[in-house]
Amino acid sequence: MTNLQDGILLAFIDQNTRQLKDTDVSIALTRKNIACSPEEVQRHVRSLSPALFQLTFNADKTVTIRVEPTVNYFFFFVFDYFSCFV
């Protein structure tokens, strides 16, 4: 994963939530010295696993990003993680 992808995931972990707006993620990244506009956040979230995020487009032109891991995603994540120890 790149720093940006890690930063996006860490924004949810750091705030202990499953749902953030693109602007909130952008602010969290900026605090970690990763420059990323809300539009860039949207683009990168769409490029990550579609099984991981659900996007909701809001009337105020923001996007709500919700972490929705599926069983398949969790399985592959755990498998990839533990395979590095073999």
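To be clear, the structure that these remarks concern was listed above.
Below, the structure is looked at part by part. Model, not experiment: these values are computed from the prediction. (Residues numbered from 1 in each chain as written. Predicted model: local features only at pLDDT ≥ 70, side-chain atom pairs only at ≥ 80, totals over all residues. Heavy atoms only, no water.)

**Quick word on the pattern of salt bridges**
Pairing between side chains becomes possible if they bear opposite charge and their charged atoms approach one another.
Turning to step 1, where the next piece is worked out: Inspection of the entire model under this criterion finds 4 salt bridges.
Turning to step 2, where the next piece is worked out: For the salt bridge of Lys32 with Asp14, the shortest nitrogen-to-oxygen distance reads 3.0 Å. Of the two residues, Lys32 is situated in the loop between helix H2 (22–31) and helix H3 (38–47) and Asp14 in helix H1 (residues 3–14); the sequence distance between them amounts to 18 residues.
Turning to step 3, where the next piece is worked out: For Lys21, the salt bridge goes to Asp60, with nearest N and O atoms at 3.2 Å. (Salt bridge = Lys/Arg side-chain N within 4 Å of Asp/Glu carboxyl O. Helix = DSSP H or I, 4+ residues; strand = E, 2+ residues; numbered from the N terminus.)

**Quick look at the pairing of strand S3 (residues 63–67)**
Turning to step 1, where the next piece is worked out: Of all 5 residues in S3, 4 are buried, a share of seventy percent or more.
Turning to step 2, where the next piece is worked out: Sheet topology places strand S1 (residues 19–21) next to S3; 3 bridges connect them, and they run antiparallel. Looking across to S3, one finds that Lys21 is bridged to Thr64.
Turning to step 3, where the next piece is worked out: Here 5 bridges tie strand S2 (residues 53–57) to S3, and the two strands are oriented antiparallel to one another. (Buried < 20%, exposed > 50% of the residue type's maximum accessible area, 1.4 Å probe, protein only. Pairing = 2+ DSSP bridges.)

**Points about the environment of Ile8**
Turning to step 1, where the next piece is worked out: Topologically, Ile8 is positioned in helix H1.
Turning to step 2, where the next piece is worked out: Given the relative accessible area of 0%, Ile8 is considered buried.
Turning to step 3, where the next piece is worked out: Between the C-alpha atoms of Ile8 and Val25, which are 17 residues apart in sequence, the distance is 6.5 Å.
Turning to step 4, where the next piece is worked out: Those residues in contact with Ile8 that sit more than four places away from it in its chain are Val25, Leu29, Val41, His44, Val45 and Phe53. (Contact = heavy atoms within 4.5 Å.)

**Observations concerning the side chain of Ser26**
Turning to step 1, where the next piece is worked out: Relative to the helices and strands, Ser26 resides in helix H2.
Turning to step 2, where the next piece is worked out: On the basis of relative accessibility, which here comes to 8%, the residue Ser26 falls in the buried class.

**Re the nonpolar core**
Turning to step 1, where the next piece is worked out: Counting 18 residues, the largest nonpolar core has Ile8, Phe12, Val25, Leu29, Val41, Phe53 and Ile65 as its most contacted members.
Turning to step 2, where the next piece is worked out: If you list the elements that add at least two residues to this core, you get H1, H2, H3 and S3. (Core = buried A, V, L, I, M, F, W, Y, C linked by side-chain atoms within 4.5 Å.)

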